[in-house]
Amino acid sequence: MAIRHDIQHAETGDQLILQIDQNGISQWKDGERMLVDSDQLSFIYVLETEDDLVYIGLPEPFWGKLSEALTARLPVVLQVAGREEALLLGALHSELSYLIENIKDNSNYGEEMLEAVEKAFSAHIK
């Protein structure tokens, strides 16, 4: 059974830090893939534990930060708010770029998702 945690805060510097309010990320490993939740206007980064999948929701309010990170090629890390431990989301750039291109002009994701992606990631759509 997959467990979902949505990003609560995003901060850009020499990397993009995505924060959640959940402990235990040291037990998680990078699943190196992303999904789309068009009903929630969210991208989902997949992490894994020994027994489960962990979905990290990247809702639409944070897409501006994701676009900045793509443009600047900033590393993206997941961090528990108020803690030092962090997990590099190593496939985020390639997976997000692939999804953006796949969603472009594709009504299968729904009109609202299509419009939101084209607006937030216009600099990355060819």
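Our structure's up above, just so we're on the same page.
Predicted model, so just to flag it, every value in this text is computed and none were measured.

Trainee: Before we go on, may I ask you to explain the environment of Leu 92 in this structure?
Mentor: Position of Leu 92 relative to the elements: it lies in helix 2 (residues 92–103). A residue is classified by how much of its surface remains accessible, and Leu 92, at 1% relative accessible area, is buried. With 46 residues separating them in the primary sequence, Leu 92 and Val 46 have C-alpha atoms 9.8 Å apart. In this structure Leu 92 touches Met 34, Tyr 45, Leu 58, Leu 66 and Val 76, once residues within four positions along its chain are discounted.

Trainee: Which parts of the structure should I look at to understand the side chain of Gln 79?
Mentor: By the secondary structure assignment, Gln 79 is in strand 7 (residues 76–80). If we skip the residues at most four places from it in the chain, Gln 79 touches Ile 17, Leu 18, Gln 19, Ile 20, Ile 25, Glu 84, Glu 85 and Ala 86.

Trainee: So what exactly am I meant to see when it comes to the packing of aromatic side chains here?
Mentor: Each aromatic ring pair is specified by the distance between its two centres and by the angle formed by the two planes. What the rule picks out here adds up to three aromatic pairs. Ring centres of Phe 43 and Trp 63 lie 4.9 Å apart, and the angle between their planes is 45°; this geometry places the pair in the tilted category. Residue Phe 43 is found in strand 5 (residues 42–48), and its partner Trp 63 is found in helix 1 (residues 63–72); the two are separated by 20 residues along the sequence. The pair formed by Phe 43 and Trp 63 is uniform in burial state, with each residue classed as buried. Cluster of aromatic residues (ring-pair linked, three or more members): Phe 43, Trp 63 and Phe 121.

Trainee: Would you mind showing me how to read the sheet that holds strand 2 (residues 9–12) here?
Mentor: The four strands are arranged 2-3-7-8 in an open sheet whose pairing can be described as mixed. Looking at the sheet topology across the chains shown, the edges are occupied by strand 2 and strand 8 (86–88). Going from strand to strand, the sheet's axes swing by 25° on average, the running direction of each strand aside.

How each quantity is defined
- Residues numbered from 1 in each chain as written.
- Predicted model: local features only at pLDDT ≥ 70, side-chain atom pairs only at ≥ 80, totals over all residues.
- Heavy atoms only, no water.
- Helix = DSSP H or I, 4+ residues; strand = E, 2+ residues; numbered from the N terminus.
- Buried < 20%, exposed > 50% of the residue type's maximum accessible area, 1.4 Å probe, protein only.
- Contact = heavy atoms within 4.5 Å.
- Phe/Tyr/Trp six-rings, centres within 6.5 Å; stacked < 30°, edge-to-face > 60°.
- Pairing = 2+ DSSP bridges.
- Axes fitted to C-alpha atoms, helices over the stretch in contact; angles between N-to-C directions.

Read these as layout, nothing more, since geometry by itself doesn't imply function.
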